[in-house]
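# Survey of secondary and tertiary structure
Residues per chain, in single letters:
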There are 2 protein chains.
Amino acid sequence: MRFLSETTADGVSEHHFVLGDITGVLWSPAGADGDRPLILLAHGGGRHKKAPGLLARAHHHVTTGGFAVAAIDAPGHGDRPRTAADEAAAVRIREAVASGGPVAPLVAAHNAALATRAVPEWRATLDALLGHGRVGPDVPVGFWGVSLGTAVGVPLVAAEPRITAAVFGLLGHESLAGAAARITVPVRFLLQWDDELVPRSSSLALFDAFASRDKTLHANPGRHMELPTSEVESEHRFFAGRLRASGARQAHH
Amino acid sequence: MRFLSETTADGVSEHHFVLGDITGVLWSPAGADGDRPLILLAHGGGRHKKAPGLLARAHHHVTTGGFAVAAIDAPGHGDRPRTAADEAAAVRIREAVASGGPVAPLVAAHNAALATRAVPEWRATLDALLGHGRVGPDVPVGFWGVSLGTAVGVPLVAAEPRITAAVFGLLGHESLAGAAARITVPVRFLLQWDDELVPRSSSLALFDAFASRDKTLHANPGRHMELPTSEVESEHRFFAGRLRASGARQAHH
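Since the model is a prediction, treat every value here as computed from it, not as a measurement.

Opposite the 15 residues of chain A that make contact, chain B presents 15 residues. Summed over both sides, the interface between chain A and chain B buries roughly 1300 Å², with carbon and sulfur atoms accounting for 59% of that surface. On inspection of chain A and its partner chain B, the count reaches two salt bridges. A salt bridge links Asp208 of chain B to Arg200 of chain A; the shortest N-O distance between them is 3.8 Å. Remark: the boundary between chain A and chain B carries seven residue pairs in polar contact (both at pLDDT 80 or more). Looking at the side of chain A that touches chain B, the elements that each hand over two or more residues are helix 6 (200-209), strand 9 (215-220) and helix 7 (230-252) of chain A. With six residues, strand 9 of chain A is the largest single contributor of residues to the side of chain A that touches chain B. Classifying every residue of the side of chain A that touches chain B gives six nonpolar, three polar and six charged. Direction of pairing for strand 9 of chain A relative to strand 9 (residues 215-220) of chain B: antiparallel, over a ladder of three bridges.

Here is the structure:
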């Protein structure tokens, strides 16, 4: 992992990094080395590691909780090149939107293909970040990702025992129910009541599929992109409660 | 409204009152007169004004927010006598439970009958409490009630413009969808994912029916009576945000 420029604003350090092909960013309290919980943020389809929803969450978790937060660009997103297959998928989706054809199956297939590539990237990123002086080698780790971030995150959290709390949402159960049934860590699930892209019944089925005993669904009015900002503060309390408890458990055993 | 004994514990005054046939209790910060938001708590079926869930909420709202909180016994509940009709309904419900017959229609009919009596009682109680020195004449008012408390609360909040934020839940849309569609104030709705008494689809339909733009559904695993205590703190933030904002709006107009 090679760190590039570091900038600091409002007490938050923003440190861009490269790991092989992966482009990412680590946010942490400015100038403060030391062990702290780490939250991984996965962006939505067509967006990137510094999309507004991710920046807002990164700053809130760093300034309110003193956490470290990291995001990477998904394959073919942000600062990363698109493959010919990525381009072809994007064209198919744009054409379906333009013609009013069924978009959801195309998006689901593309999400699943991206997730297959993104899961090992996230695990390699996590390996590298846990060796960083601003994070620490054995800290509790949380995951946040909605929409494409959930398509990537559900198989990631199912496979990755170091992640002990997760926020998902804005996606249905298609192709994810099996991995969700292997997840037992605390889960918060976000559903937009008027989501024009994801059928409500499919989102409810995905929430249902998580094996976690500690899981809560938050549903708010609004369309797919209209997640209310009030959930940011609520997510922080979710992570703060679970990641501290998880760290305390590790310390006792 | 006649006030009976007052006791104080942990900084919380608990003041029992009688208003006509109604038996109730007002909680407030000990020894502190003055205007403060008021939260009304309505208990569930077969329970009473000082059920554990209500006591926990009253103490949290008073000690954390400095609010006033009031609860009354529903007709035929707590310190109030049962009528012959109440007794007959209770017998029918017990027999249905014992025989494994359909309980939900009997409970719904009894709830609706109780609500018809309870709504004017709550409005009279509110009239009287707003003249009390521990509350103040023109303060923002919130309502909390789940199960039977929602059967009473939905028609109450639909009819009562002084209530400007409400928490409902653990009940379906049968006979309530019409009143819910007249509610536009902020709503928090609680759903137990494994509710053995209320079908999930019916609860989701009631949440859907509220006309409020600011409404959030919180769903947690567990049965009807297993509402997690973590929702108490979350409800307090809901009321604190909405009742302060509501007070500020009143002050500006």
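More follows now that the structure is in view.
The transformation that overlays chain A on chain B combines an axial shift of 0.0 Å with a rotation of 180°, and the residual RMSD is 0.0 Å. Viewed as a symmetry operation, the transformation between the two copies matches a two-fold axis. Distance from the rotation axis, computed per C-alpha, reaches its smallest value in chain A at His218 of chain A: 2.4 Å. The residues that chain A uses at the interface reappear at the interface of chain B in 100% of cases, marking a shared surface.

Residues and elements named next belong to chain A. Within the element layout of this structure, Arg36 appears in the loop between strand 3 (22-29) and strand 4 (38-42). Despite its burial, Arg36 pairs with no opposite charge, the nearest such side chain being Asp33 at 6.2 Å. Separated by 2.8 Å, the side chain of Arg36 and the backbone oxygen of Ala32 make a polar contact. Setting aside residues no more than four positions away along its own chain, Arg36 makes contact with Pro29, Gly66, Phe67, Ala68, Arg134, Val135 and Val139.

This part covers the packing of aromatic side chains. Residues and elements named next belong to chain B. For the coordinates displayed, the defined rule picks out 16 aromatic pairs over all chains. Geometrically, the ring pair formed by Phe238 and Phe239 is edge-to-face, given 5.4 Å between the ring centres and 65° between the ring planes. Across this residue pair, the class does not change: Phe238 and Phe239 are buried. Here the guanidinium or amino end of Lys215 rests over the ring plane of Phe207, the centre of that ring lying 4.9 Å away.

This next bit is on helix 3 (residues 104-129) of chain A. Considering bend angle alone, the principal kink of helix 3 of chain A is centred on Arg117 of chain A and spans about 30°; proline Pro120 of chain A follows within four residues of it. What helix 3 of chain A keeps buried is the set His110, Asn111, Leu114, Ala115, Ala118, Val119, Glu121, Trp122, Thr125, Leu126 and Leu129 of chain A.

Residue and element names in this part refer to chain A. One pass over the full model with this rule turns up 32 salt bridges over all chains. Residues Arg134 and Glu6 are paired through a salt bridge, measuring 3.1 Å at the closest nitrogen-oxygen approach. Of this pair, Arg134 sits in the loop between helix 3 and strand 6 (141-145) while Glu6 sits in strand 1 (residues 2-9), and the two are 128 residues apart along the sequence. Residue classification places Arg134 among the buried residues on the basis of a relative accessible area of 12%. With relative accessibility at 35%, the residue Glu6 sits in the partly exposed group. Residue Arg117 pairs with Asp86 through a salt bridge whose shortest N-O separation is 2.9 Å. Of the two residues, Arg117 is situated in helix 3 and Asp86 in helix 2 (residues 84-99); the sequence distance between them amounts to 31 residues.

What counts as what
- Residues numbered from 1 in each chain as written.
- Chains lettered and ligands numbered in written order.
- Predicted model: local features only at pLDDT ≥ 70, side-chain atom pairs only at ≥ 80, totals over all residues.
- Heavy atoms only, no water.
- Contact = heavy atoms within 4.5 Å.
- Buried area = accessible area lost by both parts, 1.4 Å probe.
- Salt bridge = Lys/Arg side-chain N within 4 Å of Asp/Glu carboxyl O.
- Polar contact = N/O pair within 3.5 Å; in protein donor to acceptor, adjacent residues only side chain to side chain.
- Helix = DSSP H or I, 4+ residues; strand = E, 2+ residues; numbered from the N terminus.
- Nonpolar A, V, L, I, M, F, W, Y, C, P; charged D, E, K, R; others polar.
- Pairing = 2+ DSSP bridges.
- Least-squares fit on C-alpha atoms with pLDDT ≥ 70 in both.
- Buried < 20%, exposed > 50% of the residue type's maximum accessible area, 1.4 Å probe, protein only.
- Lys, Arg positive; Asp, Glu negative; His and termini not counted.
- Phe/Tyr/Trp six-rings, centres within 6.5 Å; stacked < 30°, edge-to-face > 60°.
- Lys NZ or Arg CZ within 6 Å of the ring centre and 35° of its normal.
- Bend = angle between axes of the 7 residues up to and from the residue.

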